[in-house]
Each structure stands twice: as C-alpha cells, then as structure tokens.
Amino acid sequence: HDKKEDAIISQLMNYMSEEFLNAGVSVIYDVNAMRVSQRHALRDMARRTHAQPLLVWLQIDLESAFGRGMKRDRRRTDSRRRCDDDRACSRAGP
C-alpha cells in the first residue's frame, strides 16, 4: 500500500483503539513509534481514556538486526498474499 493508505490505516487504528479504550477494552497497539510525535499521540490517547500504558521495548544488537533485515521477505504485501492464497505460487518469486 502507499502513503495515503498508510495514513488511512493509522487514522483507523487510532480511532478504533480510542473507542475500545473508552469502552474499557484493553488494546495492544503493536507499532513502531519512532517519532516523538507518534509516542506523544499514543501517550495522549492513554491519558484521555484513563488507560494504563505498558511500553515493551525489544532491544537487539546491530548484527542480529542486520541479519534479520537481510532475510526479510522483500515482496510487496499484495504479492505475498496472492502467493499465500495460491498453492501453485512459488515461494521464490512474486
């Protein structure tokens, strides 16, 4: 998906998370919040809904992170789904 779709997905995630939290339902918000503005938005959502945030920070050494990145499936999301749904599709290609 493109940046426009990313923005829509992010907005929907925020809306639904806040609705669930307001209803007293716990939410696991599994994202990469690298920007301070992203972290502040999540913190503010927790404050508005009186939720107790729990931050889980997974640390990894540089060599392991690089190795995992090199092994990552580089196909686009749509291609992976198409191949996962089509049993005749080879894992080697899109």
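Residues numbered from 1 in each chain as written. Predicted model: local features only at pLDDT ≥ 70, side-chain atom pairs only at ≥ 80, totals over all residues. Heavy atoms only, no water.

Draft legend 1. Quick peek at the environment of His50. With respect to the helices and strands, His50 occurs in the loop between helix H2 (36-48) and helix H3 (62-71). Judged by relative accessible area, His50 falls into the exposed class, the value being 72%. For the pair His50 and Leu21, spaced 29 residues apart in sequence, the C-alpha separation works out to 8.2 Å. (Helix = DSSP H or I, 4+ residues; strand = E, 2+ residues; numbered from the N terminus. Buried < 20%, exposed > 50% of the residue type's maximum accessible area, 1.4 Å probe, protein only.)

Draft legend 2. Structural detail: H2. Counted at 1.5 Å a residue, the expected span for H2 with its 13 residues is 18 Å, and the 18 Å between its end C-alpha atoms agrees. Count one or two residues on from H2 and you reach His50, which has phi positive near 60°. (Expected span 1.5 Å × (residues − 1).)

Draft legend 3. Representation of the pattern of salt bridges within the structure. The full count for this structure, using the stated rule, is two salt bridges. Among the salt bridges present, the one from Arg48 reaches Glu18, with a minimum N-O distance of 2.9 Å. Separated by 30 residues along the polypeptide, Arg48 in helix H2 and Glu18 in helix H1 (residues 3-22) bring together distant segments of the chain. Arg48 sits in the partly exposed class, given a relative accessible area of 47%. The partner of Arg43 in a salt bridge is Asp44, and the shortest N-O contact between them spans 3.2 Å. With a relative accessible area of 35%, Arg43 lands in the partly exposed category. Since its relative accessible area comes to 31%, Asp44 is described here as partly exposed. (Salt bridge = Lys/Arg side-chain N within 4 Å of Asp/Glu carboxyl O.)

Draft legend 4. Representation of the confidence of the model for the protein chain. For the protein chain, mean pLDDT is 82; residues scoring 70 or higher make up 78% of the total. When mean pLDDT is taken per element in the protein chain, H1 scores highest with 94 and helix H4 (residues 77-85) scores lowest with 56. (pLDDT = per-residue confidence, 0-100.)

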